[in-house]
Every structure is written in C-alpha cells, then in structure tokens.
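Structural characterization, general
If you want the building blocks of each chain, they are given just below.
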Amino acid sequence: MEIEGYEKIIKAGKIASKVRDEAVKLIKPGVKLLEVAEFVENRIRKLGGEPAFPCNISINDIAAHYTPKLNDSLEFKDEDVVKLDLGVHVDGYIADTAITVDLSNSYRDLVKASEDALYTVIKEINPPMNIGVMGKIIQEVIESYGFKPISNLSGHVMYRYELHTGINIPNVYERTNKVIDVGDLVAIEPFATNGFGMVKDGEPGNIYKFLAKRPVRLPQARKLLEVIAKNYAYLPFAERWVIKNEHERLALNSLVRSSCLYSYPILKERKNGIVSQAEHTILITENEIVITTR
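Computed from a predicted structure; not experimentally measured. (Residues numbered from 1 in each chain as written. Predicted model: local features only at pLDDT ≥ 70, side-chain atom pairs only at ≥ 80, totals over all residues. Heavy atoms only, no water.)

Before going further, it helps to examine the overall build of the protein chain. Secondary structure assignment for the protein chain yields seven helices and 17 strands. The C-alpha radius of gyration computed for the protein chain amounts to 19 Å, which stays within 12% of the reference 19 Å derived for 294 residues, consistent with globular compactness. Its C-alpha atoms give the protein chain principal-axis dimensions of roughly 55 × 45 × 35 Å. The buried share of the protein chain, taken over its 294 residues, is 56%. Long-range pairs, those at least 24 residues apart, make up 76% of the contacts in the protein chain with a sequence separation of at least 6. Side chains of the protein chain give 38 positive and 40 negative charges; the mean places of these two sets differ by 5 Å. (Helix = DSSP H or I, 4+ residues; strand = E, 2+ residues; numbered from the N terminus. Rg over C-alpha atoms; globule rule 2.2 N^0.38 Å. Buried < 20%, exposed > 50% of the residue type's maximum accessible area, 1.4 Å probe, protein only. Contact = heavy atoms within 4.5 Å. Lys, Arg positive; Asp, Glu negative; His and termini not counted. Charge placed at Lys NZ, Arg CZ, Asp CG, Glu CD.)

Encoded structure:
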C-alpha cells in the first residue's frame with residue numbers, strides 16, 4: 001500500500017525532531033519564551049518546512065495552548081516545568097512532537113510517567129488498534145507512577161492540512177469501536193499530572209484559527225482578515241505572525257468577536273497541578289510503526 005505524501009511526512013518528522021532537540025538546549029532560567037518560540041519557528045522554515053501551528057511553551061500547571069505574544073517579556077524560571085510542543089508541515093503533511101523540560105529537577109518521575117506512557121503505547125500498537133485500548137495503556141502506565149493522566153486532552157489523527165480529524169487518542173480508557181489502521185498518521189501525546197487529572201479553559205493563549213470571511217466594520221480588520229485567509233486558511237497561527245503593534249491587536253480581537261477567527265484558550269490543570277507531556281507522531285505502514293519524530 002502506497003501512502004500519500006510519504007516522503008513529505010518523513011521530511012516533516014525529521015525537521016520536527018531536529019528542531020525540538022536544538023530548542024531544548026535553549027530552555028534555561030532567564031531566557032525569554034519568545035526567543036525560544038521564534039527560534040523554533042524560524043529554524044523550521046530554514047530547514048525547509050513551515051510551522052504547523054505556533055510553538056507552544058506551556059509552563060507548570062498550563063498544559064497547552066500558550067505561545068508568547070508580541071513583545072512577550074516572560075522568562076523561564078529555575079522552578080519551571082516546561083512543555084515544548086511544536087509542529088511542522090511540508091506541503092500540508094504534518095509532524096507534531098513535544099517534550100517536557102524540568103528546570104526545577106523536582107519532577108523527574110512526573111516527566112518519566114508521560115514519556116514511559118508514550119513509548120509503551122507505541123510498542124503495543126498492532127493495527128487495526130482500538131483507540132480505547134490505547135487510552136487504557138496510557139492510563140495504566142501513568143497511574144503506575146502515582147500520577148493521573150489528563151482525561152480531557154488527547155492525541156489525534158492528522159490529515160493533510162488538518163491537525164485534528166475527529167479521531168482522538170484518549171489518555172484514559174474509553175469504550176469505543178474506533179480504531180487507527182494502516183495509512184494513518186497519528187500524534188500520540190500522554191499528559192500526566194499530580195493534580196486533578198483534567199484541564200479547564202483559561203485566558204486567551206495568542207493562538208488563532210481562521211473560521212470564515214464575514215462582514216466586519218473596521219477597515220484595518222478587513223485588511224487583516226484578507227491576509228489571514230490567504231496565508232493561514234487551514235492551520236492555527238500566532239498573534240505575533242499577523243500583527244506588529246497594539247493597535248492591530250484591536251483589529252484581531254474584532255475578528256474574533258465577529259466569528260471570523262477562533263481564539264484558543266490556554267488550558268490549565270483544574271487544581272493547579274504540575275503537568276508533563278510527551279509526544280511523537282507515528283505513521284502506520286503495512287510493515288511497521290514509523291516514529292517520524294524520533
């Protein structure tokens with residue numbers, strides 16, 4: 001069976017792996033989050049890919065969907081547990097990967113729980129593989145470390161230019177008939193926490209998705225919408241990719257209010273627990289499970 005876009009899938013994975021490993025070395029106390037995010041995104045482009053979504057840098061009880069805003073001054077601290085989540089696409093074919101960096105050196109087991117869950121479930125995949133069974137494996141591994149999986153976050157099957165296709169890989173057991181099978185490109189991302197085991201919506205996280213062209217009153221907003229529709233019609237984008245000053249942020253906010261754009265909220269652990277994440281993209285072929293982001 002020939003897999004559509006195979007070479008581009010593999011290339012995207014290699015770029016994602018290389019950039020992830022390089023960026024990890026930059027995550028140190030006193031370094032700005034914006035510096036790391038911009039390094040990731042620019043390095044992806046230099047290596048022949050494009051960001052599949054803004055570089056996510058989520059700290060401590062934030063599990064996902066934080067990317068630095070325009071001129072963000074936030075710096076890493078020596079007590080931070082940092083999730084670096086990045087995506088690459090080559091002509092729409094996506095690689096998605098994440099790693100946790102524990103600057104505090106206090107959460108070694110929590111980091112290991114999500115990593116062990118990731119590699120254990122990948123080893124157990126035998127297509128067609130029931131996604132509920134995958135969730136059970138992830139849950140059991142994380143709980144064996146004394147932590148909780150985050151039940152309302154999940155991995156996801158990806159298509160060309162589509163990060164989320166409706167088939168999710170749960171981090172806990174679910175009764176379902178859904179499976180992943182040969183030809184599927186899948187991001188698997190266990191999240192572990194010492195908190196409640198669920199996330200809640202927080203403040204906007206500076207990440208947006210184009211929804212539709214609709215009538216808007218502000219001329220600047222109309223102009224901005226044209227740029228977004230042309231360049232970011234399919235995949236999420238960062239505020240700082242499309243605005244240059246605070247005045248333009250007003251135009252961006254008006255597009256959200258007009259339902260032209262969706263604003264992703266920051267996802268925080270419900271009881272402020274510390275969160276770890278590990279993620280790889282796999283491609284299921286007839287002969288093997290290829291970890292494209294290894």
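Here the narrative resumes, following the displayed structure.
This next bit is on unusual backbone geometry. Apart from glycine, the bulk of residues carry a negative phi angle, and the bulk of peptide bonds sit in the trans form. Of note, the bond from Pro127 into Pro128 is cis; its omega dihedral lies within 30 degrees of zero at -5 degrees. Topologically, Pro128 is positioned in the loop between α3 (108-124) and β5 (129-130). If you check the backbone angles, Asn206 has positive phi at about 70 degrees while not being a glycine. Under the relative-accessibility criterion, Asn206 is labelled buried at 11%.

Before going further, it helps to spend a moment on the side chain of Glu41. For Glu41, the position within the fold is in helix α2 (residues 33-46). Within the structure, Glu41 has its side chain in polar contact with the side chain of Arg240 (distance 2.7 Å). Other than its neighbours up to four places away in sequence, Glu41 contacts Pro51, Pro54, Cys55, Thr67, Arg240 and Trp241. (Polar contact = N/O pair within 3.5 Å; in protein donor to acceptor, adjacent residues only side chain to side chain.)

Below, the discussion takes up the pattern of salt bridges. Within the structure shown, the criterion is met by 12 salt bridges. For Lys8, the salt bridge is made with Asp91, and the minimal N-O distance between the two is 2.7 Å. With Lys8 in helix α1 (residues 6-24) and Asp91 in the loop between β3 (81-90) and β4 (93-102), this residue pair connects regions lying 83 residues apart in the sequence. On the basis of relative accessible area, Lys8 is assigned to the partly exposed category, the value being 34%. The class of Asp91 is partly exposed, set by a relative accessible area of 32%. Here Arg240 and Glu41 are joined by a salt bridge, their closest N and O atoms 2.7 Å apart. Of this pair, Arg240 sits in helix α6 (residues 239-242) while Glu41 sits in helix α2, and the two are 199 residues apart along the sequence. (Salt bridge = Lys/Arg side-chain N within 4 Å of Asp/Glu carboxyl O.)

Further remarks concern the sheet that holds strand β10 (residues 185-188). Judged by pairing direction, the sheet is antiparallel, and its five strands sit side by side in the order β8-β7-β10-β16-β17 without closing on themselves. Strands at the two margins of the open sheet, each flanked by one partner only, are β8 (168-170) and β17 (289-291). Along the sheet, successive strands turn relative to each other by an average axial angle of 25 degrees, direction set aside. As judged from the three bridges shared by strand β7 (residues 154-158) and β8, these two strands associate in the antiparallel manner. (Pairing = 2+ DSSP bridges. Axes fitted to C-alpha atoms, helices over the stretch in contact; angles between N-to-C directions.)

Along the polypeptide, Gly135 turns up in helix α4 (residues 131-144). As for Gly135 and Glu174, which are separated by 39 residues in sequence, their C-alpha atoms are 6.8 Å apart. If we ignore the near neighbours within four places in the chain, the residues touching Gly135 are Pro170, Asn171, Val172 and Tyr173.

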